[in-house]
There are 2 protein chains.
Amino acid sequence: MELAKIDKLVCSWMQRAREIILTGMQCTLTVTTKTSRNDLVTNMDRQVEQFYHQQIKEAFPASVILGEEAKHHPARVPEQGMLWVVDPIDGTMNFVRQQTDFATMIALFINGQLVRGYILDVPRNELFWGGPGEAVHRNKQQLASPANVALKDGLVQVSNRFILNDYAHSKAIINASSGLRVFGSAGISFIHLLTGRCVLYMAKLKPWDFLPGVALAMGADLQVGVLANRPTKLEATSLAVTTPAAWPEIQQIMDGE
Amino acid sequence: MELAKIDKLVCSWMQRAREIILTGMQCTLTVTTKTSRNDLVTNMDRQVEQFYHQQIKEAFPASVILGEEAKHHPARVPEQGMLWVVDPIDGTMNFVRQQTDFATMIALFINGQLVRGYILDVPRNELFWGGPGEAVHRNKQQLASPANVALKDGLVQVSNRFILNDYAHSKAIINASSGLRVFGSAGISFIHLLTGRCVLYMAKLKPWDFLPGVALAMGADLQVGVLANRPTKLEATSLAVTTPAAWPEIQQIMDGE
């Protein structure tokens, strides 16, 4: 199947997932914790992941699927065929506590190559899709690449854990910028980069958290800096995604120069 | 004039201010810095402040006005008559860089008492108004007081400067919570408290930044903790505004116990 047809299909799945989530929000959520008291999962995460699983297996039966809520995770990107990376609800804490600033996300590898990212901001109904060699779209509208803004003129997004431990000299990076913003969802943070509202997003993220955004960032001519680990190994990775103009300055600060 | 009539009048001014801002956003903004490179002011801030000034002087000629962009500021709350505190655009950095998450705000003192706060989220067109003894409204709908959530079960909002300098043990407070969020606008941060999306907002703020939100917080049965300075003295003040349930725990952490 051509990629353009896949795009259409995936966008239609995500719109249906959005309806499932919005309907589910009218009912009482079942919230449980996973690895820690602030790592939440709801019945909606599981239901939406199952929905994506069914759609993918029906349309592309030979696919491998890496889902946030699945019990077994493939360890590597397969060299042949399709790998789907699914995050049914990104920003579950916001979903539960704020009912805003959360997303549903999918990334697609074909024959070992990351080709597409899809992030749907559920409350605002804005679906960002694209990838390496395919400009980013917001719903049906093609977006220009974000302005190539320097660090001092841009807002930066840094995760809780990086700030509190001053990882990668994050305090100095914040001080050199226009200011800090923290939204609590990787998908929403990537959207702020794609729309030019921020110049940096820096965090340690799971594959389902960063792969959709990384595919889109590549389509938007942003710089994807990997701070640790190897992203082909489908494991948690520390990333700094920035405008090309901000990246050399951020690297200098990280190197302590 | 009765307070109910004043509410109606002020809400109509703010709707007109919103139209001025949205129209101005279609044109090129003139952006200049004030006290530092990250303290911005635009032609729209000045134009909207002037608009409020005219409306207030026409309706209530004996009023004293404290405006963010005015050259002369009254030092104290007058014991008699009306004091209007005006923030034409709160979150000017977001206004310039993000075109979202900014507000226009007004607070009103009568005979030395803070009686009303008004915060209009301009892009979302949600106007929050109320004060001590008057329940908070969102547009025409009266809001219930936010759920009285404990610190561990809530998201916290802490300013850049508090986090980076660990003022008031803010790192320990963040670690004891569900997570950190930073939106970069006092008005938007107060709205997140009023709607129960967050349990704390902690920052050092100018009078025009905190007085509208403090009036609303009092109407919503939230706890307003003053960490330093005296708010009647119309000067920058460090505040922690929280749910009543979270406040004792936050105080304990601040006291280093």
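Every chain begins its residue count from 1, and numbering advances along the sequence as written. Numbering of ligands from 1 and lettering of chains from A proceed in the order in which they are written. Two thresholds apply to this predicted model, a pLDDT of at least 70 for residue-level local features and 80 or more for giving and counting side-chain atom pairs, whereas whole-chain, interface and lining totals are computed over all residues. With hydrogens and water set aside, each side-chain value is computed from the structure's full complement of heavy atoms.

With respect to the confidence of the model for chain A
Phase 1: With 98% of its residues at a pLDDT of at least 70, chain A reaches an overall mean of 94.
Phase 2: For this predicted complex, the interface confidence reaches an ipTM of 0.90, while the overall pTM sits at 0.93. Every residue is assigned a pLDDT by the predictor, reflecting its confidence on a scale from 0 to 100.

Here we look at the relation of the copies chain A and chain B
Phase 1: The two copies are related by a screw motion: chain A maps onto chain B through a turn of 180 degrees and a shift of 0.0 Å along the axis, at an RMSD of 0.0 Å. The two molecules are tied by a two-fold rotation axis, judged by turn and shift. Closest approach to the rotation axis among the C-alpha atoms of chain A is made by A:Val182, whose C-alpha sits 2.3 Å away.
Phase 2: Comparing contact sets, 100% of the residues at the interface of chain A also lie at the interface in chain B, consistent with an isologous, same-surface contact. Superposing copies: least-squares fit, C-alpha atoms only, residues required to have pLDDT of at least 70 in both. Should any heavy atoms of two residues lie within 4.5 Å, those residues are considered in contact.

Some details on the packing of aromatic side chains
Phase 1: When the centres of two rings from Phe, Tyr and Trp lie within 6.5 Å, Trp using its six-membered ring, the rings pair. Their planes under 30 degrees apart give stacked, over 60 give edge-to-face, and anything left gives tilted. Taken as a whole, this structure holds 13 aromatic pairs over all chains when the rule is applied.
Phase 2: Pairing B:Phe162 with B:Tyr167 gives two aromatic rings, centres 5.4 Å apart and planes at 90 degrees, and the pair type is edge-to-face.
Phase 3: Overall, the relative accessible area of 4% leaves B:Phe162 in the buried class.
Phase 4: Both rings, one in B:Phe190 and one in B:Tyr201, keep their centres 5.4 Å apart while their planes meet at 80 degrees; by these two values the pair is edge-to-face. Separated by 11 residues along the polypeptide, B:Phe190 in helix 6 (residues 186-194) and B:Tyr201 in strand 12 (residues 200-205) bring together distant segments of the chain.
Phase 5: Accessible area is worked out with a 1.4 Å probe on protein chains only. A residue is then buried under 20% of its type maximum, exposed over 50%, and partly exposed in between. With a relative accessible area of 8%, B:Tyr201 lands in the buried category.
Phase 6: Members of the aromatic cluster, joined through ring pairs, are A:Trp13, A:Phe60 and A:Trp84. Helix and strand assignments follow DSSP, with helices taken as H or I runs no shorter than four residues and strands as E runs no shorter than two, numbered in order from the N terminus.

Considerations on the side chain of A:Arg18
Residues and elements named next belong to chain A.
Phase 1: Here Arg-18 lies in helix 1 (residues 3-25).
Phase 2: Despite its burial, Arg-18 remains without a salt bridge, the nearest opposite charge being carried by Glu-19 at 6.4 Å.
Phase 3: At a separation of 3.5 Å, a polar atom in the side chain of Arg-18 contacts the side chain of Asn-125.
Phase 4: Excluding residues that lie within four positions of it along the chain, Arg-18 makes contacts with Leu-120, Val-122, Pro-123 and Asn-125. Under this rule, positive means Lys or Arg and negative means Asp or Glu; His and the chain ends count for nothing. A side-chain nitrogen of Lys or Arg and a carboxyl oxygen of Asp or Glu constitute a salt bridge if their distance falls within 4 Å. The definition of a polar contact used here is a pair of N or O atoms within 3.5 Å, where within protein one atom must be able to donate a hydrogen and the other to accept one, and adjacent residues in sequence count solely through side-chain atom pairs.

Digging into helix 1 (residues 3-24) of chain B
All names here are of chain B.
Phase 1: Under the 1.5 Å per step criterion, the end-to-end length of helix 1 is 31 Å for 22 residues, consistent within 8% with the ideal 32 Å.
Phase 2: Every buried residue of helix 1 is listed here: Ile-6, Asp-7, Val-10, Cys-11, Trp-13, Met-14, Ala-17, Arg-18, Ile-21 and Gly-24. What you see down the axis of helix 1 is that its buried residues fit within an arc of 165 degrees, all on one side. Exposed residues pointing more than 90 degrees away from the buried face of helix 1 are listed as Ala-4, Lys-5, Lys-8 and Thr-23.
Phase 3: Those residues of helix 1 hidden inside the fold are in contact with helix 2 (43-59), strand 4 (82-90), helix 3 (92-97), strand 5 (103-110), strand 6 (113-121) and strand 7 (126-131). To estimate the expected span of a helix, count its residues, drop one, and scale the result by 1.5 Å. Summarising the geometry, the arc corresponds to the directions from the helix axis toward the C-beta atoms.

As for the packing of helix 6 (residues 186-194) of chain A against helix 7 (residues 207-219) of chain A
Residues and elements named next belong to chain A.
Phase 1: The contact between helix 6 and helix 7 brings their axes to 9 Å, and the two run at 10 degrees. One way to sum up the angle between helix 6 and helix 7 is to call them roughly parallel. Along its contact with helix 6, which presents Ala-186, Phe-190 and Leu-194, the element helix 7 presents Asp-209, Phe-210, Gly-213, Val-214, Leu-216 and Ala-217.
Phase 2: Split by residue class, the contact of helix 6 with helix 7 holds seven nonpolar, one polar and one charged. For helices, the fitted axis covers only the stretch in contact; all axes are lines through C-alpha atoms, and the angles between them, taken along N-to-C directions, range from 0 to 180 degrees. Convention used here: angles under 35 degrees read as roughly parallel, angles over 145 as roughly antiparallel, angles from 65 to 115 as roughly perpendicular, and any remaining angle as oblique. Side-chain classes are defined by residue name, with Ala, Val, Leu, Ile, Met, Phe, Trp, Tyr, Cys and Pro counting as nonpolar, Asp, Glu, Lys and Arg as charged, and the others, Gly among them, as polar.

Topic: the sheet that holds strand 6 of chain B
Paired through backbone hydrogen bonds, the strands of a sheet run either parallel or antiparallel to each other.
Residue and element names in this part refer to chain B.
Phase 1: An order of 3-4-5-6-7-8-9 is seen for the seven strands of this open sheet, with the pairing classed as mixed. Whereas interior strands pair on both sides, the edge strands pair on one side only; in this sheet they are strand 3 (64-67) and strand 9 (141-142).
Phase 2: In terms of strand pairing, strand 3 meets strand 4 through four bridges, oriented parallel. When the sheet's bridge partners are listed, Leu-66 is paired in strand 4 with Val-85.
Phase 3: With respect to the sheet, helix 1 is in contact with strand 4, strand 5, strand 6 and strand 7, its orientation differing from that of strand 6 by roughly 30 degrees.
Phase 4: Packing against the sheet, helix 7 (residues 207-219) makes contact with strand 3, strand 4, strand 5, strand 6, strand 7 and strand 8 (134-138), and its axis sits at approximately 105 degrees to strand 6. When DSSP finds two or more bridges between a pair of strands, those strands are recorded as paired.

Observations regarding unusual backbone geometry
Phase 1: Residues other than glycine seldom take positive phi values, yet A:Asn125 does so here, at roughly 50 degrees.
Phase 2: You can see A:Asn125 is positioned in the loop between strand 6 (113-121) and strand 7 (126-131).

Observations concerning the sheet that holds strand 4 (residues 82-90) of chain A
All names here are of chain A.
Phase 1: Taken together, the seven strands give an open sheet; going across it, the order is 3-4-5-6-7-8-9, and neighbouring strands pair in mixed fashion. Both edges of this open sheet fall to strand 3 (64-67) and strand 9 (141-142), since each of them pairs with a single strand only.
Phase 2: Examined bridge by bridge, strand 4 and strand 5 (residues 103-110) share seven bridges and lie antiparallel to one another. Across the sheet, residue Asp-90 finds its bridge partner in strand 5, namely Ala-103.
Phase 3: The sheet contacts of helix 2 (residues 43-59) involve strand 3, strand 4 and strand 5, and relative to strand 4 the element is tilted by about 155 degrees.
Phase 4: The strands touched by helix 7 are strand 3, strand 4, strand 5, strand 6, strand 7 and strand 8 (134-138); relative to strand 6, the strand with the most contacts, the crossing angle is about 105 degrees.

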